[in-house]
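Next come the chains, spelled out residue by residue.
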Amino acid sequence: MSLRWLALIGASVVALGLLPAGSVAAASAPAESSTYVKGTVDLLGQTVEEIGPPDKSGFKLLNTVFNTRFSGGLVGNGYHVYVEIFRPDGSATSTGTARFVGKLEGRSGTFVMESSGTSDPNGAINADWCVVKGSATGGLAGLSGCGKVTTTGDPVAYYTLEYTLPIR
């Protein structure tokens, strides 16, 4: 598993404030359920393009596009694009966006996520990600939440998502 993949998965987002599990909705707002899921993300494929010519600084800018499969609480596929900064020491930072297509709580739909993260020279990543407000469709309409993606440098990426979803 490449460092680019790990940084990319990690790039899945700046935590913008997690909703506490069991939060109570206001009386005038639609009923919502707040909960937590976790699982794994598997890389299905990727393309990497260097941005601009290399220079003497040793820094590389990369544009990475990849596809993933989510298992666990989220079941479906992710379509990601990330811009990554690789440092001469092998560490990296990344920011990106992705679209998830699949199911959460048995409800089908899509949503867009934003992310940012870091990876160390051994490929271990730590990234935060959030659902973009208003981007969820189908049975996931109204979804909000944030989570994390981590690895220890091995090919398995682990995600968490703390979210709120309107009750049907």
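One can find the structure itself at the top, above this paragraph.
What comes next concerns the included structure. (Residues numbered from 1 in each chain as written. Predicted model: local features only at pLDDT ≥ 70, side-chain atom pairs only at ≥ 80, totals over all residues. Heavy atoms only, no water.)

1. Some remarks on the overall build of the chain
Item 1. Counting its secondary structure elements, the chain contains one helix and eight strands.
Item 2. For the chain, the N- to C-terminal ordering of α and β elements is α-β-β-β-β-β-β-β-β.
Item 3. Sorting the 168 residues of the chain into buried and exposed places 41% on the buried side.
Item 4. For the chain, the proportion of contacts with a sequence separation of at least 24, taken over those separated by at least 6, is 59%.
Item 5. When the accessible surface of the chain is split by element, carbon and sulfur atoms take 57% of a total near 8200 Å². (Helix = DSSP H or I, 4+ residues; strand = E, 2+ residues; numbered from the N terminus. Buried < 20%, exposed > 50% of the residue type's maximum accessible area, 1.4 Å probe, protein only. Contact = heavy atoms within 4.5 Å. Areas by Shrake-Rupley, 256 points an atom, 1.4 Å probe, with all protein chains shown as cover.)

2. Brief notes about the packing of aromatic side chains
What characterises a pair of aromatic rings is the spacing of the ring centres plus the angle enclosed by the ring planes.
Item 1. If you walk through the whole model with that rule in mind, you get five aromatic pairs.
Item 2. Ring-pair connections join several aromatic residues into one group, and the members of that group are Phe70, Phe100, Phe111, Trp129 and Tyr159. (Phe/Tyr/Trp six-rings, centres within 6.5 Å; stacked < 30°, edge-to-face > 60°.)

3. Section: the environment of Leu140
Item 1. You can see Leu140 is positioned in the loop between strand S6 (125-131) and strand S7 (144-150).
Item 2. Not counting residues up to four positions away in its chain, the partners in contact with Leu140 are Gly102, Leu104, Arg107, Ser108, Gly109, Thr110, Phe111 and Leu165.

4. Describing the pattern of salt bridges
Item 1. Tallied over the full model, the rule gives one salt bridge.
Item 2. With a closest N to O distance of 2.4 Å, Lys148 and Asp128 form a salt bridge. Of the two residues, Lys148 is situated in strand S7 and Asp128 in strand S6; the sequence distance between them amounts to 20 residues.
Item 3. Given a relative accessible area of 37%, Lys148 falls into the partly exposed group.
Item 4. Residue class for Asp128 comes out buried when judged on its relative accessible area of 18%. (Salt bridge = Lys/Arg side-chain N within 4 Å of Asp/Glu carboxyl O.)

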